[in-house]
Amino acid sequence: MSEAGPGKTRSVIEQARCGENLATVKPQPEVSEFCFTGGNTNAMYILMQKLWTLLAQARKRFILWPMRVVKVPLGKRSYRILIGRQILNRLGTECLRLGLGKRCAIVSDHNAAPLYAETAQKSLCAAGFEPALVVVPAGETSKNLRTVELCYNQLAAHRLERTSFVVALGGGVVGDLAGFVAATYLRGVAFVQVPTTL
């Protein structure tokens, strides 16, 4: 991978730095300092370490992490658990795949809603759903019948029906509260759990 000429040998890295042959490649400043010729293995080792670090940083910033799918086999009640980074924008697509009704409610708390509710709403709307956002106080104290009543009232105002579903967007308290609301509203509606913590 080097260009040999009368009295000179240049590596591909040097060619890229000089803009030759690899004109479209613009090396990062960290890479260009590691130009070497011949068989200098120490310089090659350092270059490979630096390239590996840059690739790892690029993967973290630009490449979607793989998603794990855990299947819970319960006969007719079987379901899948999707685990991964930045998969909230797939919420609408996944709910559509389940064949859920068009109207839904996102139940979240004052801590999680400002961070995640907009993304969840956009994803659901893009898939053709009509989401209503129900925000409850954060913490264990919100697990009471008064908060449940608040949720019922907002679900009824949005005209959720038996084919509708409830999305729990947040931590454990939100999951418990929204799960109870979904199980008891109109004798039970579908429930989608979107935990923001594991």
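Whatever comes next refers back to the structure up there.
So, how was this worked out
Residues numbered from 1 in each chain as written. Predicted model: local features only at pLDDT ≥ 70, side-chain atom pairs only at ≥ 80, totals over all residues. Heavy atoms only, no water. Patch = residues over 30% accessible without salt bridge, like charges linked within 9 Å, V, L, I, M, F, W, Y side chains within 5 Å. Areas by Shrake-Rupley, 256 points an atom, 1.4 Å probe, with all protein chains shown as cover. Salt bridge = Lys/Arg side-chain N within 4 Å of Asp/Glu carboxyl O. Helix = DSSP H or I, 4+ residues; strand = E, 2+ residues; numbered from the N terminus. Buried < 20%, exposed > 50% of the residue type's maximum accessible area, 1.4 Å probe, protein only. Contact = heavy atoms within 4.5 Å. Axes fitted to C-alpha atoms, helices over the stretch in contact; angles between N-to-C directions. Parallel < 35°, antiparallel > 145°, perpendicular 65-115°, else oblique. Left-handed = near helix turned anticlockwise from the far one by under 90°. Nonpolar A, V, L, I, M, F, W, Y, C, P; charged D, E, K, R; others polar.

Asks: How should I be thinking about a nonpolar patch on the surface in this particular structure?
Replies: A cluster of nonpolar side chains, contributed by V70, L74, Y79, I81 and I83, occupies part of the molecular surface with about 380 Å² of accessible area. Considering each element in turn, the nonpolar patch owes the most residues, 3 residues, to strand β4 (residues 79-83). Tracing the backbone through its elements, the reader meets Y79 in strand β4.

Asks: Is there a simple way to think about the environment of V136 in this case?
Replies: Note that V136 resides in strand β6 (residues 130-136). Residue classification places V136 among the buried residues on the basis of a relative accessible area of 1%. In the structure, V136 is positioned 26 residues away from H110 in sequence and 6.4 Å away in space, judged by C-alpha atoms. Beyond its immediate stretch of four places on either side in the chain, V136 contacts S108, D109, H110, T147, L150, C151 and L177.

Asks: Teacher, can you tell me more about the packing of helix α6 (residues 145-157) against helix α7 (residues 172-184) here?
Replies: Helix-helix packing is described using two parameters, namely the angle between the two axes and the distance between the axes. Where α6 contacts α7, the axes come no closer than 10 Å and their chain directions differ by 55°. The orientation of α6 relative to α7 falls into the category oblique. Viewed along their axes, α6 and α7 form a crossing whose handedness is right-handed. Two secondary-structure elements touch here, α6 through T147, V148, C151, Y152 and L155 and α7 through L177, F180, V181 and T184. Residue classes in the contact of α6 with α7 are distributed as 7 nonpolar, 2 polar and no charged.

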